[in-house]
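Observations on the three-dimensional arrangement
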Amino acid sequence: KQEVTQIPAALSVPEGENLVLNCSFTDSAIYNLQWFRQDPGKGLTSLLLIQSSQREQTSGRLNASLDKSSGRSTLYIAASQPGDSATYLCAVINDYKLSFGAGTTVTVRA
Amino acid sequence: EPEVTQTPSHQVTQMGQEVILRCVPISNHLYFYWYRQILGQKVEFLVSFYNNEISEKSEIFDDQFSVERPDGSNFTLKIRSTKLEDSAMYFCASSALAGPSYEQYFGPGTRLTVT
């Protein structure tokens with residue numbers, strides 16, 4: 001059974017600092033990995049998708065890396081802003097379903 | 001930009017009642033999913049649906065649950081006899097093509113409260 005772990009569970013940084021969010025998974029036979037953002041009481045917004053054959057994906061200030069063999073992904077958010085405050089979820093897909101981590105809750109202090 | 005929509009946004013029901021949660025996936029998508037998130041817990045997969053049949057389901061998706069695509073646009077999740085532990089946020093998702101490599105797009109969720 002796929003287990004997805006996210007460290008740290010919570011993170012508080014001053015505005016402008018770069019954020020590094022970690023995700024690890026136990027079964028490396030994944031098709032892809034998605035990073036999501038979730039605001040309190042809200043739905044899931046897809047941020048980035050990395051195919052299993054890719055090592056990196058970028059969108060604006062976001063950059064996600066994938067090391068499938070070691071079962072790890074990292075989401076980097078450059079020059080954080082208060083609007084980046086949210087919970088970030090990592091999810092991997094095996095056999096047509098997503099397995100989610102518990103998330104990292106980020107607070108960016110103005 | 002096309003998006004997945006869900007209704008209602010919040011449903012309150014009494015234990016033992018039947019509920020139907022509704023979703024309208026993105027129009028050209030072929031794969032549909034239901035996930036749930038109990039407050040404070042991880043998002044969990046419930047079921048995937050393709051070509052008018054269930055392609056995979058989790059152990060959570062027991063006989064109390066069913067899914068249906070009653071027409072060309074709606075995708076529904078029915079819980080026959082709700083229990084207190086069914087209280088959760090339910091998310092519908094869809095993906096474009098028939099394959100696991102494709103990005104899943106999520107709706108805003110329906111918060112189900114069972115009293």
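Predicted model, so just to flag it, every value in this text is computed and none were measured.

What counts, and at which threshold
- Residues numbered from 1 in each chain as written.
- Chains lettered and ligands numbered in written order.
- Predicted model: local features only at pLDDT ≥ 70, side-chain atom pairs only at ≥ 80, totals over all residues.
- Heavy atoms only, no water.
- Pairing = 2+ DSSP bridges.
- Helix = DSSP H or I, 4+ residues; strand = E, 2+ residues; numbered from the N terminus.
- Axes fitted to C-alpha atoms, helices over the stretch in contact; angles between N-to-C directions.
- Phe/Tyr/Trp six-rings, centres within 6.5 Å; stacked < 30°, edge-to-face > 60°.
- Buried < 20%, exposed > 50% of the residue type's maximum accessible area, 1.4 Å probe, protein only.
- Contact = heavy atoms within 4.5 Å.
- Buried area = accessible area lost by both parts, 1.4 Å probe.
- Salt bridge = Lys/Arg side-chain N within 4 Å of Asp/Glu carboxyl O.
- Polar contact = N/O pair within 3.5 Å; in protein donor to acceptor, adjacent residues only side chain to side chain.
- Nonpolar A, V, L, I, M, F, W, Y, C, P; charged D, E, K, R; others polar.
- Core = buried A, V, L, I, M, F, W, Y, C linked by side-chain atoms within 4.5 Å.
- Disulfide = S-S within 2.5 Å.

1. Some words on the sheet that holds strand β7 (residues 65-68) of chain B
Residue and element names in this part refer to chain B. Spatially, the 4 strands line up as an open sheet ordered β1-β3-β8-β7, and their pairing is antiparallel. Since the sheet does not close on itself, it has two edges, and those belong to β1 (5-7) and β7, each with one partner. Neighbour to neighbour, the strand axes of the sheet diverge by 20 degrees on average, direction disregarded. Pairing of β1 with strand β3 (residues 19-24) involves 3 bridges; the strand directions are antiparallel. Within the sheet, the bridge partner assigned to Thr-5 lies in β3 and is Val-24.

2. Quick look at the packing of aromatic side chains
Taken as a whole, this structure holds 14 aromatic pairs over all chains when the rule is applied. With a centroid separation of 5.7 Å and an interplanar angle of 70 degrees, the aromatic rings of Tyr35(B) and Phe45(B) are classed as edge-to-face. Here the residue Tyr35(B) occupies a position in strand β4 (residues 31-37), and Phe45(B) occupies one in strand β5 (residues 43-50), the gap between them amounting to 10 residues. In this structure, Tyr35(B) and Phe45(B) share a single accessibility class: buried. Taken together through their ring pairs, the aromatic side chains of Phe36(A), Phe100(A), Tyr31(B), Tyr33(B), Tyr35(B), Phe45(B), Tyr50(B), Phe91(B) and Phe106(B) make up a single cluster.

3. Brief notes about the interface of chain A and chain B
Often the size quoted for an interface is simply the accessible area lost on bringing the parts together. Facing the 23 residues of chain A at the interface are 21 residues of chain B. Taking both partners together, chain A and chain B bury about 1,800 Å²; carbon and sulfur atoms supply 55% of that area. Here chain A and chain B share 1 salt bridge between them. Here Glu56(B) and Lys97(A) are joined by a salt bridge, their closest N and O atoms 2.9 Å apart. Applying the counting rule to chain A against chain B returns 6 residue pairs in polar contact (both at pLDDT 80 or more). Listing elements by their share of the side of chain A that touches chain B, those giving two or more residues are β4 (32-38), β5 (44-51), β9 (86-94) and β10 (97-100) of chain A. Its residues placed into classes, the side of chain A that touches chain B shows 11 nonpolar, 8 polar and 4 charged.

4. Some details on the pairing of β7(B)
Residues and elements named next belong to chain B. Bridge count for β7 against strand β8 (residues 75-79) is 4 bridges, and the pairing is antiparallel. By the bridge assignment, Val-67 is partnered in β8 with Leu-77. Hairpin connection between β7 and β8: a loop of 6 residues separates the two successive antiparallel strands.

5. What to know about the nonpolar core
If you look at soluble globular proteins, the nonpolar side chains tend to sit buried side by side. Membership of the largest hydrophobic core comes to 23 residues, with the highest contact counts inside it found for Trp34(B), Leu46(B), Phe61(B), Val67(B), Phe75(B), Leu77(B) and Tyr90(B). Listing elements by their share of this core, those giving two or more residues are β3, β4, β5, β7, β8, β9 (88-95) and β11 (110-114) of chain B. When sequence neighbours within four positions are dropped, the list of residues in contact with Tyr90(B) reads Gln6(B), Leu21(B), Trp34(B), Tyr35(B), Arg36(B), Leu46(B), Phe65(B), Leu77(B), Ile79(B), Gly109(B), Thr110(B) and Leu112(B). The next biggest cluster of nonpolar side chains, apart from the first, holds 22 residues, and it includes Cys23(A), Leu48(A), Leu75(A) and Val92(A).

6. With respect to the state of the cysteines
All chains considered together, the criterion is met by 2 disulfides over all chains. Here Cys23(A) pairs with Cys90(A) through a disulfide, and the sulfurs are 1.9 Å apart. Judged by the torsion about the S-S bond (-55 degrees), the Cys23(A)/Cys90(A) disulfide is left-handed. Taken together, the positions of Cys23(A) in strand β3 (residues 19-25) and Cys90(A) in strand β9 put the pair 67 residues apart, joining distant regions of the chain. Neither Cys23(A) nor Cys90(A) differs from the other in exposure class; each is buried. Here Cys23(B) engages in a disulfide with Cys92(B); their sulfurs sit 1.9 Å apart. On the sign convention where negative means left-handed, the S-S torsion of about -65 degrees between Cys23(B) and Cys92(B) marks this disulfide as left-handed. Of this pair, Cys23(B) sits in strand β3 while Cys92(B) sits in strand β9, and the two are 69 residues apart along the sequence. A residue is classified by how much of its surface remains accessible, and Cys92(B), at 0% relative accessible area, is buried.

Limitation: the analysis is restricted to geometry and does not speak to function.
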